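Residue-level listing of the chains:
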Amino acid sequence: MKKAILLGLIISLIIGGCNQVKKSRIEGAWQLVYSHWLPIDGTFPRQIKGECIKLWSMEYFATVGRFEMDTMIYDTHVGGTYTLEGNKYQETIHFNPSKGTTDYIVRLILELKNDTLIQRWPADENWKLEEKFSIEKYVRLK
């Protein structure tokens with residue numbers, strides 16, 4: 001009987017000691033399906049054509065896409081780290097060759113409903129959106 005209790009205790013400790021890393025709820029690949037960007041005041045996919053994929057791992061994100069508006073072509077490839085607390089999402093951009101800027105912070109309000117993710121920005125230090133803001137809507141890729 002003592003052996004059975006000891007064996008049960010050892011198994012419980014082994015199972016309890018195998019901590020699984022909690023997966024971020026946004027982790028994975030997402031496809032852009034709608035956006036309205038300021039200051040260009042353009043709407044995707046109506047006025048702006050193209051496509052964009054955003055990828056999240058546990059602590060990193062990357063965005064890759066190509067957009068066309070009139071005769072202008074814009075390639076986007078941005079990456080960095082992020083934090084997410086509730087609906088408060090903050091990106092630290094480490095890689096953005098198209099703008100020539102790196103290591104800057106963007107605060108966004110994030111809304112997640114099933115397989116749809118909506119980002120609104122810019123938010124200030126108190127997480128309040130400006131009167132006019134940009135919005136992006138993504139759907140999770142399978």
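Placed above this text is the structure.
Please read all numbers here as calculations on a predicted model, not as lab measurements.

Chemist: Sorry if this is basic, but what is going on with the packing of aromatic side chains here?
Modeler: Think of a pair of aromatic rings as described by two things: how far the centres are apart, and how the planes are tilted against each other in angle. Using the criterion set out here, one finds 7 aromatic pairs in the structure. Relative to F67, the ring of F44 lies with its centre 5.6 Å away and its plane at 85 degrees, an arrangement referred to as edge-to-face. Residue F44 is located in strand 2 (residues 42–44), and its partner F67 is located in strand 4 (residues 60–69); the two are separated by 23 residues in the primary sequence. Across this residue pair, the class does not change: F44 and F67 are buried. Here the aromatic rings of Y82 and Y89 are separated by 5.6 Å at their centres, their planes lie at 40 degrees, and the arrangement is tilted. Summarising the burial analysis for this pair, Y82 and Y89 share the class buried. Ring pairs connect the aromatic residues W30, W56, Y82, Y89 and Y138, which therefore count as one cluster.

Chemist: Please clarify how the nonpolar core should be interpreted in this entry.
Modeler: A general feature of soluble globular proteins is that nonpolar side chains tend to end up buried together. By size, the foremost hydrophobic cluster in this structure holds 20 residues, and its most contacted members are W56 and Y89. Among the secondary structure elements, those contributing two or more residues to this core are strand 1 (28–37), strand 3 (49–56), strand 4, strand 5 (72–85), strand 6 (88–95), strand 7 (104–113) and strand 8 (116–123).

Chemist: Where do I start with the pairing of strand 1 in this structure?
Modeler: Consecutive residues of a regular strand have side chains that alternate between opposite faces of the sheet. The pairing of strand 1 with strand 3 spans 4 bridges and is classified as antiparallel. Looking at the pairing, W30 lines up with K54 of strand 3. In the sheet, strand 1 pairs with strand 9 (residues 129–140) via 6 bridges, with the strands oriented antiparallel. Pairing of H36 across the sheet is with I135, part of strand 9.

Chemist: Would you explain unusual backbone geometry in this entry?
Modeler: Glycine aside, residues mostly have negative phi angles, and peptide bonds mostly take the trans form. Residue F44 is joined to P45 through a cis peptide bond whose omega torsion reads 5 degrees. The topology assignment puts P45 in the loop between strand 2 and strand 3. For the bond from W121 to P122, the omega torsion is 5 degrees, close enough to zero to count as cis. For W127, which is not glycine, the phi dihedral falls at a positive 65 degrees. Among the secondary structure elements, W127 is positioned in the loop between strand 8 and strand 9.

Chemist: Would you mind going over the pattern of salt bridges with me for this structure?
Modeler: Should their charged atoms come close, side chains of opposite charge can pair. Counting across every chain of the model gives 6 salt bridges. Linking E91 and K54 is a salt bridge whose minimum nitrogen-to-oxygen distance equals 2.5 Å. Linking E91 in strand 6 with K54 in strand 3, this pair joins segments that are 37 residues apart in sequence. Here E111 ties to R120 by a salt bridge, and the two come within 3.0 Å at their closest N and O atoms. A cluster of three or more residues bridged by salt bridges with shared partners is formed by E111, K113 and R120.

Criteria and cut-off values
- Residues numbered from 1 in each chain as written.
- Predicted model: local features only at pLDDT ≥ 70, side-chain atom pairs only at ≥ 80, totals over all residues.
- Heavy atoms only, no water.
- Phe/Tyr/Trp six-rings, centres within 6.5 Å; stacked < 30°, edge-to-face > 60°.
- Helix = DSSP H or I, 4+ residues; strand = E, 2+ residues; numbered from the N terminus.
- Buried < 20%, exposed > 50% of the residue type's maximum accessible area, 1.4 Å probe, protein only.
- Core = buried A, V, L, I, M, F, W, Y, C linked by side-chain atoms within 4.5 Å.
- Pairing = 2+ DSSP bridges.
- Salt bridge = Lys/Arg side-chain N within 4 Å of Asp/Glu carboxyl O.

Purely spatial values, then, with no claim about function.
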